[in-house]
Amino acid sequence: MRRTFRFVLALAVLLSFVALSHVVNDRNEKSAFAQAEPTGKLAEVLARGYLNCGISAEVPGFSYLNPNDNTYSGLDVDFCRALTAAIFGEVTDTNLVFVSLSSSERFPALQANQVDVLMRNTTWTFSRDTDLKGSFGPTTFYDGQGLMVPASLGVASIDDLNGASICVQTGTTTELNITEAFNSRGFDFELIPFDDAPSSIIALEAGQCDVLTTDKSGLAGLRSGVADPSLYVILPDTLSKEPLSPMYNEGDDQWANVVDWTVYATFQAEEYGITSANIDEMLASEDSAIQRFLGVGDPFNSLIGLSNDFTVNIIRTVGNYGEIYDRNIVPIGIPREGSLNALWTSGGLIYSPAWR
Ligand SMILES: N[C@@H](CCC(=O)N[C@@H](CS)C(=O)NCC(=O)O)C(=O)O
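Residues numbered from 1 in each chain as written. Predicted model: local features only at pLDDT ≥ 70, side-chain atom pairs only at ≥ 80, totals over all residues. Heavy atoms only, no water.

Regarding the site of the ligand
Neighbouring the ligand are 20 residues; Ser-103, Asn-121, Thr-123, Gln-169 and Asp-215 lie closest to it. A distance of 2.9 Å separates an oxygen atom of the ligand from a polar atom in the backbone of Thr-173. Separating an oxygen atom of the ligand from a backbone N or O atom of Ala-197 is a distance of 3.2 Å. For the ligand, the protein covers 98% of the area, taking 500 Å² as the surface of the free molecule. (Near = heavy atom within 4 Å. Polar contact = N/O pair within 3.5 Å; in protein donor to acceptor, adjacent residues only side chain to side chain. Areas by Shrake-Rupley, 256 points an atom, 1.4 Å probe, with all protein chains shown as cover.)

Re the sheet that holds strand S2 (residues 58-59)
In space, the 3 strands of this open sheet follow the order S2-S3-S4, with antiparallel pairing throughout. The sheet terminates laterally at S2 and strand S4 (71-73), the two strands that pair on one side only. Examined bridge by bridge, strand S3 (residues 63-66) and S4 share 3 bridges and lie antiparallel to one another. In the strand pairing of S4, Asn-66 is matched with Thr-71. (Pairing = 2+ DSSP bridges. Helix = DSSP H or I, 4+ residues; strand = E, 2+ residues; numbered from the N terminus.)

Considering the packing of aromatic side chains
Taken as a whole and judged by the stated rule, the model has 16 aromatic pairs. Where Phe-79 meets Tyr-321, the ring centres are 6.5 Å apart and the plane angle is 35°; that geometry is what we call tilted. Taken together, the residues span a long stretch of sequence, with Phe-79 in helix H3 (residues 75-88) and Tyr-321 in helix H13 (residues 321-328) at a distance of 242 residues. Residue classification places Tyr-321 among the buried residues on the basis of a relative accessible area of 0%. Directly above the aromatic system of Tyr-50 lies the positively charged group of Arg-48, at a separation of 5.5 Å from the ring centroid. It is Arg-336 that lies over the ring of Tyr-325; its NZ or CZ is 5.6 Å from the centre. (Phe/Tyr/Trp six-rings, centres within 6.5 Å; stacked < 30°, edge-to-face > 60°. Buried < 20%, exposed > 50% of the residue type's maximum accessible area, 1.4 Å probe, protein only. Lys NZ or Arg CZ within 6 Å of the ring centre and 35° of its normal.)

Concerning the sheet that holds strand S12 (residues 211-215)
Taken in spatial order, the 5 strands make up an open sheet running S11-S10-S12-S9-S13, and their pairing is mixed. The two strands at the open ends of the sheet, each matched to only one other strand, are strand S11 (189-194) and strand S13 (232-234). When strand polarity is set aside, the average angle formed by the axes of neighbouring strands in this sheet is 30°. Of the strands in this sheet, strand S9 (145-150), strand S10 (164-169), S11 and S12 are in contact with helix H6 (residues 173-184), which crosses S11 at around 175°. Along the sheet, helix H8 (residues 216-224) makes contact with S9, S12 and S13, crossing S12 at roughly 120°. (Axes fitted to C-alpha atoms, helices over the stretch in contact; angles between N-to-C directions. Contact = heavy atoms within 4.5 Å.)

If you want it as structure tokens, here you go:
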């Protein structure tokens, strides 16, 4: 009798352990891939129904409004589109508003929430990250400051520029770097400040300054817009590090994740060889890593607060990073091969953390 009782008791204990471990397992599985609820900025953008994306609209290759057909193009514009597609599933006529901001306007506009994000050739710096209470996403273009001069000046490098007058844009890292570069050489110089890029290139063309200085990508973009680009030379000197990156206000981790992993999705897609052209084929891939990245099967990608197929929506809309680069940066004459903007597997710095 006592033996039977002990046996029944042992069986009951065992069964309740088995039952309990099932409950625990079930919970783990469910909570591991639960759809995160949109909160903060993401909830605000979804409720509003459109993204306010801060750009310049004056820099060919990065963000440019074509006055002839009123269309926007550029690498920064494509990242605005990628983010819109990640959030809303697609880009429509109404769910993305480009907000054009000058260099000096951009930070106050972000702080006042007039834009949800800056995709505006903005350099990630210590003081912007701390003093301005911004946060930066992954660098979308590794740049450096350069100098552009009329070819007729016959100048070979910065060392020939003692006494130069220099066109520069206010509210930029450019102003600070150029002053340091000339001071450290003990050179005389005169800075001629402008509030926007078109005025500064017009001033160079009009001979109001000997040199125009800004990010090398900006110089290439502005030169591509003049009537005869061969009249201007970008000197070989690189005066600074200008990691151009998305910027948003600090303190909203979910929004930071949404912006950051949108950019990483374009890097990861390139690494996996997924393009806007082969995305449907790739959705049928048997490779479990590609399936996870594309949100096939488990709702893994929805951990971020977006739909599980947000990566697919990005790739369908703008393609991978290589496609974005080829479409926007190659035409302004900046080759990718051998540069910091190559994929890490080709010796560059374009690298996504693990999609796992
Ligand atoms: N990357 C630098 C410079 C960015 C910048 O504002 N560059 C100018 C010259 S290319 C520009 O974008 N101008 C466009 C405009 O005024 O709308 C920064 O973050 O300060």
